[in-house]
Amino acid sequence: MAPLPFSIYRGISPTFQWPVKFCLYNAAVAWVLSVVTGNVSQVDRVWTFLPTIYTAYYALLPLWPTKPPLYFFPYVPETVHPDLVERYSPRALLMFGLVFIWMCRLSYNTWRRGLFNLNDEDYRWAILRTKIPPWLFQVVNLTFIAFIQNVILFLLGLPTEVAAVQQPTKLSASDYVLATLALAILATEFVADNQQYSFQTYKHTGVHEQNEWPGARIQWTPADAKRGFVTRGLWAWSRHPNFFCEQTFWVIINLFPLLAPESPRLAPLSLKSITPIWPLLPSIVLCTLFFSSTKFTESISLSKYPVGYRAYQSRVSMFVPFLTPVWGLLLQLRGKKEAVDRMVYGQDVVEKKTQ
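All figures in this text were calculated on a predicted structure; none of them were measured in a lab. (Residues numbered from 1 in each chain as written. Predicted model: local features only at pLDDT ≥ 70, side-chain atom pairs only at ≥ 80, totals over all residues. Heavy atoms only, no water.)

## Topic: the overall build of the protein
Step number 1: In terms of helices and strands, the protein carries 17 helices and zero strands.
Step number 2: Relative to the compact-globule value of 20 Å for 355 residues, the protein shows a C-alpha radius of gyration of 23 Å, a close match.
Step number 3: C-alpha extents for the protein along the principal axes are approximately 70 × 50 × 50 Å.
Step number 4: Classification of the 355 residues of the protein by burial places 45% in the buried group.
Step number 5: Sequence separation of 24 or more characterises 74% of the internal contacts of the protein that already satisfy a separation of 6 or more. (Helix = DSSP H or I, 4+ residues; strand = E, 2+ residues; numbered from the N terminus. Rg over C-alpha atoms; globule rule 2.2 N^0.38 Å. Buried < 20%, exposed > 50% of the residue type's maximum accessible area, 1.4 Å probe, protein only. Contact = heavy atoms within 4.5 Å.)

Here it is, written out as structure tokens:
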């Protein structure tokens, strides 16, 4: 692979050299394709794969050659510490397995929604085009859509790099606990995806699918379809349970090396310095992205369903399901809970709760 300009290449850790090159080339290709095709969802189509590629690179360091036999083929520079290329890290391998499961779930959901179609573009970009000047949209396309999103996907692989550097001889108790939590979160996210897909199918066809996945076998009603957005199942507890699970999963992945007994690990928190929290950067950046993009998504939903969706926002937490009962209590104290519940959940659901 052709080297980066020396001024950029110098100072990059040996374990970062191939991933950084791969990230920059992906960003450049995404931007060029977006300009040529007029479709800016180039990164969206590889979103399911890139974190897995970075994670696989670090989990499988002993597998890669010191010189790439093919263009873009992963390699490990000779300057990498010998221990990293002689022994696999069981923690890094476990993290890779979990991220691979994450990729399968997201890829399946992306495929059935038709988002791998080369002509498909995220509807939010089309709306953003109408809100800002064309030149500003191209700036957003270059800086955020093409490059910043690729950098975020690269950052998601960094916890596995730390786990590889730790070189544990066996898994610790924290690894088993976090792996169990990660699998539970992925299962919950799969249920949330299926409920959303089931609702959207009924909304557009008026027909209940006969072979729904477990957890998505909800008897949607014409009132649900008329409302326009899903408010039952997990969506009765969180306005975006899939997003909540997505953020939680990557926070868990971030915590694997930080809660491990080996060094480097999470330093004691200090009110005088932000240094102890820098290892949490990947999950912090991802959560920031999800919060800002969700605010934009909800502004679109509010424009389509101004009364109903505002009621939904007042009743159900954006992400954290444990806050939804609190919102309900606040509405109860204001004497508005029953009316909001009927608007959000439907009269039949409210009557079942009161029986």
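## Description of empty space enclosed by the protein
Summary: where empty space remains is shown by rolling a probe the size of a single water molecule over the atoms.
Step number 1: The full count for this structure, using the stated rule, is one cavity of 30 Å³ or more.
Step number 2: Class assignment for the residues of the lining of the largest cavity results in eight nonpolar, two polar and one charged. (1 Å grid on protein atoms, 1.4 Å probe; cavity = no way out; pocket = protein on both sides within 12 Å on 5 of 7 lines; lining within 4 Å. Points joined across faces, edges and corners; volume = space filled by probe spheres on them. Nonpolar A, V, L, I, M, F, W, Y, C, P; charged D, E, K, R; others polar.)

## So, the packing of aromatic side chains
Any two aromatic rings considered together are summarised by their centre-to-centre distance and by the angle between their planes.
Step number 1: The tally for this structure, following the rule as stated, stands at 28 aromatic pairs.
Step number 2: With a centroid separation of 6.5 Å and 75° between ring planes, the pair formed by Phe 16 and Tyr 58 is classed as edge-to-face. Of this pair, Phe 16 sits in helix H2 (residues 14-37) while Tyr 58 sits in helix H4 (residues 50-59), and the two are 42 residues apart along the sequence.
Step number 3: What makes Tyr 58 buried here is its relative accessible area of 1%.
Step number 4: Relative to Trp 250, the ring of Phe 249 has its centre 5.2 Å away and its plane inclined at 80°; by these criteria the two rings are edge-to-face. Both residues of the pair, Phe 249 and Trp 250, count as buried. (Phe/Tyr/Trp six-rings, centres within 6.5 Å; stacked < 30°, edge-to-face > 60°.)

## As for the nonpolar core
Step number 1: Ranked by size, the top nonpolar core spans 49 residues in total, and within it Trp 47, Trp 102, Phe 154, Phe 249, Trp 250, Ile 253 and Phe 256 carry the most contacts.
Step number 2: Elements with a contribution of two residues or more to this core: H2, H4, helix H6 (90-112), helix H8 (134-155), helix H9 (158-166), helix H10 (173-205), helix H12 (241-258) and helix H13 (281-304).
Step number 3: Looking at this core, the element that brings in the most residues is H6, giving seven residues.
Step number 4: Counting 19 residues, the second largest nonpolar core, distinct from the first, contains Ala 236, Tyr 309, Ala 311 and Val 340. (Core = buried A, V, L, I, M, F, W, Y, C linked by side-chain atoms within 4.5 Å.)

## Quick word on the layout of surface pockets
Step number 1: Empty space within the largest pocket amounts to approximately 1,800 Å³.
Step number 2: Lining the largest pocket are 49 residues; nearest its centre among them are Arg 113, Asp 122, Tyr 123, Arg 124 and Phe 243.
Step number 3: If you list the elements that add at least two residues to the lining of the largest pocket, you get helix H3 (42-46), H6, helix H7 (123-131), H8, H10, H12, H13 and helix H14 (306-315).
Step number 4: It is H13 that provides the largest number of residues to the lining of the largest pocket, a total of nine residues.
Step number 5: Its residues placed into classes, the lining of the largest pocket shows 19 nonpolar, 16 polar and 14 charged.

## Regarding the pattern of salt bridges
Step number 1: Following the criterion strictly, the structure yields 14 salt bridges and no others.
Step number 2: Note that Arg 232 and Asp 224 form a salt bridge whose closest N and O atoms lie 2.8 Å from each other.
Step number 3: When salt bridges with common partners are traced through the structure, they connect Arg 105, Glu 189, Asp 193 and Glu 246 into a single cluster. (Salt bridge = Lys/Arg side-chain N within 4 Å of Asp/Glu carboxyl O.)

## Things to note about helix H16 (residues 337-345)
Step number 1: Along H16, the positions that sit buried rather than exposed are Val 340, Asp 341, Val 344 and Tyr 345. One face of H16 carries all of its buried residues, which in axial projection span an arc of 105°. Across H16 from its buried face, at more than 90 degrees, point the exposed residues Glu 338 and Ala 339. (Arc of directions from axis to C-beta.)

## Quick notes on unusual backbone geometry
Step number 1: Located in the positive-phi region is Phe 72, a residue other than glycine, with phi close to 75°.
Step number 2: Considering the arrangement of structural elements, one finds Phe 72 in the loop between H4 and helix H5 (82-86).
Step number 3: According to the relative accessible area criterion, Phe 72 is partly exposed, its value standing at 30%.
Step number 4: Positive phi, normally seen in glycine, also occurs at Gln 167, with a value near 50°.

## A few points about the side chain of Arg 112
Step number 1: Inspection of the secondary structure puts Arg 112 in helix H6.
Step number 2: Asp 193 provides the closest opposite charge to the buried, salt-bridge-free Arg 112, at an N-O distance of 5.4 Å.
Step number 3: One polar contact links Arg 112 to Asn 194, side chain to side chain, over a distance of 2.6 Å.
Step number 4: Not counting residues up to four positions away in its chain, the partners in contact with Arg 112 are Asp 193, Asn 194, Tyr 197 and Trp 213. (Lys, Arg positive; Asp, Glu negative; His and termini not counted. Polar contact = N/O pair within 3.5 Å; in protein donor to acceptor, adjacent residues only side chain to side chain.)

Nothing here speaks to function; it is geometry throughout.
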